[in-house]
Amino acid sequence: MARYGMALDYKNCINCKACEVACKEENGVLLGADKHRIWVGVNEIEGVWPNLSISSSSFLPSQCQQCDNAPCEEVCPTHATYYDENGVVRVDSDKCILCSYCMNACPYDARYVDDRTVTVDKCTFCSDTRLARGLTTTACQNTCPTKVRTFGDLDDPESEISILLKTRDHFSLKANLGTEPKLFYLT
Amino acid sequence: MEVEISRRRFLQGSVALTVVGGTMAGTTALFSEEEKATSASPRVPKTVTTKTGTGKAEEIPFLCGMCVNKCAGFARVENGIITKLDPNPYFPKSRNMLCPRGNAGIQTAYDPDRLKYPMVRIGKRGSGKYKRVSWEEAYDAILNGTKLFKGLKQILDEEKDNRSTIGYCNGEGLSKEGFETLVGQKLGSPNYVDEVSICLETAGGGFFATLGVYPEIDFEHSDYLIISGANRAEAIITPDTMDMFKRTKGRGIKTVCIDPRFTNTAAKADKWLPVNPGTDLAFVLALTWVVFNENLQNEAFMKKYGVGYEEYKQHILSHKYTPEWAEPICGIKAEDIYTIAREFMNAEAPVYYPGRRSIFSPNDYQLRRAMAIFQALSGNIDKKGGYIYGNPIMLPPEYVNAPIYAQAKPRFDTEGIAFPTLKSGSWIVFRNMILEGKNPYPVRVMFMRKHNPMMSVPNTAKTRKFLEKMDLNVMIDILPSDTAMFADVILPEASYLERTSPVKSYGFLEPAIVQRKAAIKPLYETKEPEVIYKELAEKLAKPLFEISKKYDKDLQEQIKLRGEKKVFKEDGWNLADAWEKPVHEKNKEIVEKAFGPKAWEILDEKGVYYPHMEEYHKQLNPNEFQYYPKNRRFYSTMGDKKRVICKYDHLATRGIDPMPTWHDEWKFSVPEGKFRVITGRHAQFTQSGTTNNAMLRDLIPTNYLWINKGVAKKMGIEFGDMVEIKSEVGKGRLMAYPTEKIAPNQVFMLHGFGSESKGLELAYGNGANDAAILKDDIEPVFGAAVMHSTNVEIRKV
């Protein structure tokens, strides 16, 4: 039992997509641009050459925000979407009927259809692969060249993530929606 | 619903490399039915990605082979299949990370287009018509030829044992030296070319000539960075990329990025200054002028270590390399140059990033010299936060018993080169002199390995003619590259995940030795390179010895004196004696001898070893490890031995400026209506070797042509439009990407696309090949390729 979350030192991100590849290889995710559990959001640069605004060009690594108050879970008619014992938002593919309510409800666009099972898929924090093997890192965290992510137990005050969140300023995406994400972006 | 994406299925009925003969007569696909059966074997995964399991698995330490960095990882092997590549936390160079290419290495090993068995050409060169043969038959074809091509024996007989009739080329990698041993030392060819003369030869050369080192950077403690041309966010180099971007963006390192293009590195900088391509030297000379003019330099440091320092100072000041002079040349405002020079010299630990990239302009050697001297003016050399000389771990040298060939002639590729390099030569000069008939003796054979000059050496049309001119081409590789299609005999190599490689030493500041271990046995009928070298050497040794006996007077003399058996054995004519032990066994011997049996045990298990590793190495937090404690790192090792060669008189003896000097012929200009084409990398690709990787191709579908948005609009070009890019040497077609990130008179294309080999399902016909478009210009010091000197026309098609 833990309450897993992730802190993202997003300014480190160089948009290399190592995380995306590691995720796909670890979790057997299908290829295809629209089939990803994690991604890097890119803002197209503002300005006219050569006067470009560097600050307008940012890389925002993203994935399921693992909300404590997840809209996807609320709308699921078959209870396919559930919180597991570690607070991770999961999908039970046996129960999923692909009504796609959850895909519409997710404010972060973090869900997609796995064409093999024809059910909804999303980031699981590597729950059924790495965590199931007793590891304490996700594939995306472990491989990152610039070490953007820190994964850990939010309930453990001694964990690296708890210390980071205590000592560094951070924000959540679309906090105004009250979804209470467990992904925190460090500033 | 069956929708699993399986590239293997695409291959059915596809027009691919034709394999005819044996049991495969009549098949038109790259793989015969039999091979498909093999592919469906338990040794190859059935799907592109494989979810890792929770059961038993082996974790084998490997070194990545997707680019030149050699990052370390562990391969997770489940039931004989590699399901995941994870970073190795023990290697100080790669600091527990694998980049996207490293993670996608599985797709290279299991690429359905792999060369799976030896093949001998049965159609016209370049037609892709091959016959599957056994290894013995392939070796025999190299020695004796076939109806379509001559063998090595006949060629060497005709050339009276002039071994220099053999040329060879090789790509970077851990098995590179073995190939050089085989063809260079054992077969006796001096005519070697490789990636050095089409990569960063002048960067290494310029820094070595000036500081005696191509330094590492201690990014952890530097606080100011000028990075010009190099694109560390996209051309990932370890540990630089990881260390640098943790401290940019207001977190320790103030960063100035000088690049014609707004790259991902520029996106991480505090200041991006688009420089005119090929004019960085004017920028650095102007920075240097500001420093001398305002007396900002570390005078004591330069007085102590500088050679020709006073002359250099006078040289810079008297040439009046002012920022106002530089501004119209390099396109960077004078006021920016003043500011940067002052900030740099006022910083605690400033760094002018030394590398690493290919050569863009003919003045690159002088640029590197000017950069190195500018760095030295700050005194931030051989110390924390600066340029690091370090203390590399030396492995014991290996000796090869090489025969001496009396009939072999020296190499000749020296035209237009001030300082020809004996070892790796100049690809362009070597090729062009042969095409122009300027070679003093016939070059009739090319042995090639892991190298794709059709897509890497500028002016593909000439490379094609060069390869067509040869009597015998042999290729050792893992994929049917464009160059492999010109081979008469193709020998399939095991990929990096299927082989144990010779042990290697890396790093200056935190050095270590590393070993790549085979995660799985070689797939299909492929073999480890060292096994191929040995078997080929065994096959060639006696028959070629007979030819030498016929023409080599020294050899005849020795045989008379000492007897044939003795001479054959003792003088290295037994070509296979360089590979008496398998690689793993040899590694053990070397490491145990140098560092003891415990060191070997650690290396073999963890893939990494350095003295005191067990004591020093520890995890600091989920993301960071200590490799060496700070007081054990090799920040300062040179003491009073370091020198800064400001004036290098030896250069003047061959017509090269002894001090970096600007010449107006290097001014950047593009005729109206044309564009200067510049090339480079994205983080998701290395070179042509990675463009057939399913995972990477999924991330970057093709090489778009970056074109300035305003210009594109005027030309009616929109995103995704197909455009033709045409230079005086060649052309190609690719899709347009209008963007503000590039100047109106320049276009950019990613290197490594536009393959013409039908054997590469994903790479074939995808995008354009920059090598086909770039002119084959060389720089004057080493004859290395200059990549950014070509103007092109663009039109919508």
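Here the structure is shown first, and the text comes after it.
These remarks concern the structure in this document. Note that the structure is predicted; figures quoted are calculated from it, not measured.

Between side chains of opposite charge, a pair can form when the charged atoms approach closely. Under the counting rule described, the total for this entry stands at 79 salt bridges over all chains. In this structure, Asp 114 of chain A and Arg 116 of chain A form a salt bridge, with 3.0 Å as the shortest nitrogen-oxygen distance. With its nearest N and O atoms 3.3 Å apart, the salt bridge here joins Asp 140 of chain B to Lys 539 of chain B. You can see Asp 140 of chain B sitting in helix H5 (residues 135-144) and its partner Lys 539 of chain B sitting in helix H20 (residues 529-551), a full 399 residues away along the chain.

To continue, consider the sheet that holds strand E2 (residues 58-63) of chain B. Residues and elements named next belong to chain B. Taken together, three strands build an open sheet; the order of strands is E2-E3-E4 and the sheet is antiparallel. Sheet topology places E2 and strand E4 (81-87) at the edges, where each strand pairs with a single neighbour. Going from strand to strand, the sheet's axes swing by 30° on average, the running direction of each strand aside. Bridge count for E2 against strand E3 (residues 72-78) is six bridges, and the pairing is antiparallel. By the bridge assignment for E3, Glu 58 is matched with Val 77.

Once that is clear, we can look at the interface of chain B and chain A. With 62 residues of chain B at the contact, the number on the chain A side is 51 residues. Taking both sides of the interface into account, the surface hidden between chain B and chain A amounts to around 4600 Å²; carbon and sulfur atoms contribute 57%. Three residues, Lys 51, Asn 623 and Glu 740 of chain B, lead the burial of chain B against chain A; their summed loss comes to 13% of the area buried on that side. Where Lys 84 of chain B meets Glu 26 of chain A, a salt bridge forms, and the shortest distance between an N and an O atom there is 3.4 Å. Those elements giving two or more residues to the side of chain B that touches chain A turn out to be E4, helix H3 (100-103), helix H4 (105-109), helix H9 (240-245), helix H10 (264-267), strand E12 (271-273), helix H27 (694-699) and strand E28 (731-739) of chain B. Tallied by class, the residues present in the side of chain B that touches chain A amount to 31 nonpolar, 16 polar and 15 charged.

So, about the packing of aromatic side chains. Residue and element names in this part refer to chain B. Across all of its chains, the model carries 43 aromatic pairs over all chains by this definition. Between Phe 430 and Phe 466, the ring centres sit 5.9 Å apart and the planes meet at 65°, which makes this aromatic pair edge-to-face. Of this pair, Phe 430 sits in helix H17 (residues 427-435) while Phe 466 sits in helix H19 (residues 460-469), and the two are 36 residues apart along the sequence. Relative to Phe 753, the ring of Phe 685 lies with its centre 4.8 Å away and its plane at 70°, an arrangement referred to as edge-to-face. On the criterion of sequence distance, the pair formed by Phe 685 in the loop between strand E25 (675-680) and H27 and Phe 753 in the loop between strand E29 (746-750) and helix H29 (770-773) is long-range, its members being 68 residues apart. For Phe 685, a relative accessible area of 1% corresponds to the buried category. Taken together, Tyr 168, Phe 179, Tyr 192, Tyr 533 and Trp 579 form an aromatic cluster joined through their ring pairs. Geometry around Tyr 305 places Lys 642 over its ring, the cationic atom sitting 5.0 Å from the centre.

Rules of the game
- Residues numbered from 1 in each chain as written.
- Chains lettered and ligands numbered in written order.
- Predicted model: local features only at pLDDT ≥ 70, side-chain atom pairs only at ≥ 80, totals over all residues.
- Heavy atoms only, no water.
- Salt bridge = Lys/Arg side-chain N within 4 Å of Asp/Glu carboxyl O.
- Helix = DSSP H or I, 4+ residues; strand = E, 2+ residues; numbered from the N terminus.
- Pairing = 2+ DSSP bridges.
- Axes fitted to C-alpha atoms, helices over the stretch in contact; angles between N-to-C directions.
- Contact = heavy atoms within 4.5 Å.
- Buried area = accessible area lost by both parts, 1.4 Å probe.
- Nonpolar A, V, L, I, M, F, W, Y, C, P; charged D, E, K, R; others polar.
- Phe/Tyr/Trp six-rings, centres within 6.5 Å; stacked < 30°, edge-to-face > 60°.
- Buried < 20%, exposed > 50% of the residue type's maximum accessible area, 1.4 Å probe, protein only.
- Lys NZ or Arg CZ within 6 Å of the ring centre and 35° of its normal.

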